Amino acid sequence: MIVATWNVNSLRARWPRVRQWLTLRSPDVVLLQETKMTDAVFPFDEFRELGYEAAHYGQGQWNGVAIASRVGLDDVARGFGDDDPEARLIAATCAGVRVVSCYVPNGRALDDPHYQYKLAWLAALRDYLAGRDRTRHVIVGGDFNVAPADIDCYDPAALAGSTHVSEPERAALRAVEATGVEDLVRRLHPDEPSFTWWDYRNGAFHRGWGLRIDLLLVDTALAALARTASVDRDARKGEKPSDHAPVMADFALGESGG
DNA sequence: ATGTCACAGTCCCTGTGA
């Protein structure tokens, strides 16, 4: 089973690229972030034409998360069930696996109130995962807006004092992982930077100025079933790309005859 | 470091967020 996560930075602007990519890579399940649209305009029919059932938690101009699956989509849940007004988390069960698509707040700056919201949101995610059904596998994927370690940054010294690399954010991410989920790309590729995001400005992509902030966190038992996990850098190239590349993984799971 | 992109409203430019 192939599972991917991708921050598309507006599904309206990105739909031609997303459609092309779904046809090229044929993931079984894809987690999307920053759809930036309401549920009313989400392209459910276009996904269906490609063989995907989809669930969307949209807000409008900002945020918005979705899950598209061609292996079933059941028990959809939106948000943490608290009073968070922003559309940043959606969950569903696909082929028996609990799948969660997350868009963690950016934080903006260490002294901005949004940074405290980011830390609180990560704490809420930790609590949400701590209370999960342990009889099912879980995949928590998305844009975490945290580079877990210095290897995940093109230049750690240049980023000192910025969001995405601060110790409180990294500690909050480790607390999420301590509920029993593991950063799959890092597990399979301990020494590769594997950036997932490059700023649109300054030719950052071609200069290699990237961060690894998009993650697939999976339960330990499922991690052991992973055949591959990687970043699809090619999706960051070409016409009108998102500023994020998809992260993909293949699990020896749920294949008929295999 | 800040050379871009996408959005909405102020609506063909500007402010905001990333």
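Residues numbered from 1 in each chain as written. Chains lettered and ligands numbered in written order. Predicted model: local features only at pLDDT ≥ 70, side-chain atom pairs only at ≥ 80, totals over all residues. Heavy atoms only, no water.

Student: Looking at this structure, how should I read the overall build of chain A?
Tutor: Summing up its helical and strand segments, chain A has 7 helices and 14 strands in all. A globule of 258 residues ought to have a C-alpha radius of gyration of about 18 Å, and chain A, at 17 Å, matches this closely. Considering only C-alpha atoms, chain A reaches an extent of 50 × 40 × 40 Å along its principal axes. Burial analysis of chain A (258 residues in total) assigns 54% to the buried set. Pairs at least 24 apart in sequence give 67% of the contacts found in chain A among residues at least 6 apart. Surface accessibility of chain A: about 11100 Å² in total, with carbon and sulfur atoms responsible for 50%. Both charge centroids of chain A, one from 29 positive and one from 37 negative side chains, sit 3 Å from each other. (Helix = DSSP H or I, 4+ residues; strand = E, 2+ residues; numbered from the N terminus. Rg over C-alpha atoms; globule rule 2.2 N^0.38 Å. Buried < 20%, exposed > 50% of the residue type's maximum accessible area, 1.4 Å probe, protein only. Contact = heavy atoms within 4.5 Å. Areas by Shrake-Rupley, 256 points an atom, 1.4 Å probe, with all protein chains shown as cover. Lys, Arg positive; Asp, Glu negative; His and termini not counted. Charge placed at Lys NZ, Arg CZ, Asp CG, Glu CD.)

Student: Explain unusual backbone geometry here, please?
Tutor: Excluding glycine, a negative phi dihedral is what most residues carry, and trans is how most peptide bonds are arranged. If you check the backbone angles, Ser26 has positive phi at about 50 degrees while not being a glycine. The phi dihedral of Lys36 is positive, around 55 degrees, even though this residue is not glycine. In this fold, Lys36 is placed in the loop between β2 (29-33) and α2 (44-49).

Student: Whenever I open this one, the sheet that holds strand β12 (residues 214-219) confuses me. Can you help?
Tutor: Strand pairing in a sheet is mediated by backbone hydrogen bonds. Such pairs are either parallel or antiparallel. Strand order in the open sheet made by the 6 strands is β5-β6-β7-β8-β12-β9, with mixed pairing throughout. What marks the edges here is a single partner per strand, and that holds for β5 (74-78) and β9 (181-183). Direction aside, neighbouring strands of the sheet carry axes that sit 20 degrees apart on average. Inspection of the sheet shows strand β8 (residues 138-143) paired to β12 by 5 bridges, in the antiparallel sense. Each bridged residue has a counterpart across the sheet, and for Gly142 the counterpart in β12 is Leu215. (Pairing = 2+ DSSP bridges. Axes fitted to C-alpha atoms, helices over the stretch in contact; angles between N-to-C directions.)

Student: Teacher, can you tell me more about the nonpolar core here?
Tutor: For soluble globular proteins, nonpolar side chains are generally found buried alongside one another. Within the largest apolar cluster, 35 residues are counted, with the highest numbers of intra-cluster contacts made by Ile67, Ile139, Leu184 and Phe251. With residues up to four places along the chain from it excluded, the contact list for Ile67 reads Val29, Val30, Glu53, Ala54, Ala55, Leu73, Ile90, Ala91, Ala92, Cys94, Val99 and Ser101. Cys102, Val140, Phe144 and Val146 belong to the second-largest nonpolar core, a separate cluster that totals 23 residues. (Core = buried A, V, L, I, M, F, W, Y, C linked by side-chain atoms within 4.5 Å.)

Student: So what exactly am I meant to see when it comes to the pattern of salt bridges here?
Tutor: Side-chain pairs of opposite charge can arise where the charged atoms are in close proximity. Scanning all chains against the criterion turns up 17 salt bridges. Arg88 serves as the salt-bridge partner of Glu86, at 2.7 Å between the closest nitrogen and oxygen. Its relative accessible area of 4% is what places Arg88 among the buried residues. Across the salt bridge formed by Lys237 and Asp234, the nearest N and O atoms sit 2.9 Å from each other. By sharing partners, the salt bridges in this structure join Arg25, Asp232, Asp234 and Lys237 into a single network. (Salt bridge = Lys/Arg side-chain N within 4 Å of Asp/Glu carboxyl O.)

Student: How should the sheet that holds strand β4 (residues 65-69) be read in this particular structure?
Tutor: Ordered in space as β3-β4-β2-β1-β14-β13, the 6 strands form an open sheet in which the pairing is mixed. Among the strands making up the open sheet, the edge pair consists of β3 (53-57) and β13 (226-231). Between one strand axis and the next, the sheet turns by 10 degrees as a mean value, whatever way the strands run.

Student: Just to check I follow, could you spell out the packing of aromatic side chains for this structure?
Tutor: For any two aromatic rings, the description comes down to two numbers: the centre-to-centre distance and the angle of the planes. Across all of its chains, the model carries 8 aromatic pairs by this definition. An angle of 70 degrees between the planes, with centres 5.5 Å apart, marks the rings of Phe80 and Tyr128 as edge-to-face. Remark: Tyr128 occurs in helix α3 (residues 113-130) and Phe80 occurs in the loop between β5 and β6 (89-94); sequence separation between them is 48 residues. Given the relative accessible area of 23%, Tyr128 is considered partly exposed. Through successive ring pairs, a cluster of aromatic residues spans Trp15, Phe42, Phe44 and Phe47. (Phe/Tyr/Trp six-rings, centres within 6.5 Å; stacked < 30°, edge-to-face > 60°.)

Keep in mind these values describe shape, not function.
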